[in-house]
Amino acid sequence: MLYIVTAMYAEAAPFIKHYNLKRDRLMKRHELYVSENKSVCLLITKPGKITAAMAVTEMLVTHEPANEDFLVNIGVCGSCAGTHAYICNDILDHDTGRHYYPDMLYKHPFKEAGIETCSVVVNDKSFISMPLADMEATAVFQAAASFFPPHRMAFIKIPSDNLETSHVTKESVTGVIEENLAVICDWLDNISNLNDNNSNTNIGDNVTTKYSTPDSPVTFLPAEQTFFDNLADRLNLSVTMKEQLRQLFIYRKLTKGNLDGVILPEIPEGRITNQKRTILFEQFRQQFLQ
């Protein structure tokens, strides 16, 4: 199943029409729409982190995902960048300073950018450090992370304003979604077909499609595996961070073919604090996104 999460009906309306979705009454507190063949469901959370987290949790408890399912958070955002549709490679919670990283393992037709999730509407560029701003992404990621691994989540955001929200209307929000509807749905349909075809395989064994990754398994050379093991051990990575590191290595192999040019961070001697480990890991991660 494809799970689509939006904050507002104005964002959801084009997808409801495109997939011919009907209201599902199993969820009492939030709006959920499902296709007749149960292959697509769409959730409207309402704006804000708390409501988004509650709505996503309720949806995934009442409609528990299978291993091959995929979740995408789609909506408008404020932008210091252009007006293209973006897929988010770094999601920053403005209130906590914590970063979340969806795994970018599938080819896609979008531009990539980081997004900052804030508890208030942003009308000042100096308020954020990321190119994009919204009010739900980190909450959706946190709530969905108990049900989906990072490579089965995506966050697609379309700028509706240049951080000047006074000009934004329901009609303009629906309009920018409709302008990008074809390319978004084309990609989502390909990803859904890819995951259905590979429900019993590893992510590296993808069937080639228009936007899929290569069809040969991703393997590490002995030296690359040693590099991975030494780095994970030296940084004393948590299970989650070790998995993120593995996905970064796979991403590098898929996009560059090798790990040439990857530089080991300067790791101090002795015990590394969790805070220092996070900083070093983030510095190392940035190499893969350049």
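Right above here is the structure, for reference.
Residues numbered from 1 in each chain as written. Predicted model: local features only at pLDDT ≥ 70, side-chain atom pairs only at ≥ 80, totals over all residues. Heavy atoms only, no water.

Undergrad: Run through the overall build of the protein chain, naming residues and quoting values.
TA: For the protein chain, the helix and strand inventory stands at 7 helices and 10 strands. Sorting the 290 residues of the protein chain into buried and exposed places 52% on the buried side. Across the protein chain, every contact between residues at least 6 apart in sequence was considered, and the portion connecting residues at least 24 apart equals 69%. For the protein chain, the exposed surface amounts to about 14,000 Å²; the carbon and sulfur share of it is 51%. (Helix = DSSP H or I, 4+ residues; strand = E, 2+ residues; numbered from the N terminus. Buried < 20%, exposed > 50% of the residue type's maximum accessible area, 1.4 Å probe, protein only. Contact = heavy atoms within 4.5 Å. Areas by Shrake-Rupley, 256 points an atom, 1.4 Å probe, with all protein chains shown as cover.)

Undergrad: Describe the side chain of H108, with residues and values.
TA: Note on placement: H108 falls in the loop between strand 7 (99-100) and strand 8 (111-117). In this structure the side chain of H108 is engaged in a polar contact, spanning 3.1 Å, whose partner is the backbone oxygen of F110. Within the local environment of H108, its side chain forms a polar contact with the side chain of E112, the two groups lying 2.9 Å apart. (Polar contact = N/O pair within 3.5 Å; in protein donor to acceptor, adjacent residues only side chain to side chain.)

Undergrad: Tell me about the packing of aromatic side chains, residues and numbers included.
TA: Applying the stated criterion across every chain, the model contains 8 aromatic pairs. Ring geometry for F70 versus W187: centroids 6.2 Å apart, planes at 80 degrees, classification edge-to-face. One end of the pair, F70, is in strand 5 (residues 70-79); the other, W187, is in helix 4 (residues 170-197), and 117 residues separate them in sequence. In this pair, the class of F70 matches that of W187, namely buried. Ring geometry for F228 and F249: centres 5.5 Å apart, planes at 75 degrees, overall edge-to-face. (Phe/Tyr/Trp six-rings, centres within 6.5 Å; stacked < 30°, edge-to-face > 60°.)

Undergrad: How would you summarise the side chain of S35 if you had to cite specific residues and measurements?
TA: Along the chain, S35 turns up in the loop between strand 3 (31-34) and strand 4 (40-44). Residue classification places S35 among the buried residues on the basis of a relative accessible area of 6%. A distance of 3.1 Å separates a polar atom in the side chain of S35 from the backbone nitrogen of S39. Those residues within four positions of S35 in sequence are excluded, and the remaining contacts are Y19, N20, L21 and V40.

Undergrad: Could you give an account of the pattern of salt bridges, with specific residues and numbers?
TA: A side chain with one charge may pair with a side chain of the opposite charge, provided their charged atoms come close. The full count for this structure, using the stated rule, is 4 salt bridges. With its nearest N and O atoms 3.1 Å apart, the salt bridge here joins D93 to K49. Pair noted here: D93 is in strand 6 (residues 86-93) and K49 is in helix 2 (residues 49-62), with a separation of 44 residues, a long-range link. Each member of the pair D93 and K49 is classed as buried. Of the residues examined, K49 reaches a relative accessible area of 18% and is grouped as buried. Shared partners join several salt bridges into a network, and the residues in it are K49, D93 and D95. (Salt bridge = Lys/Arg side-chain N within 4 Å of Asp/Glu carboxyl O.)

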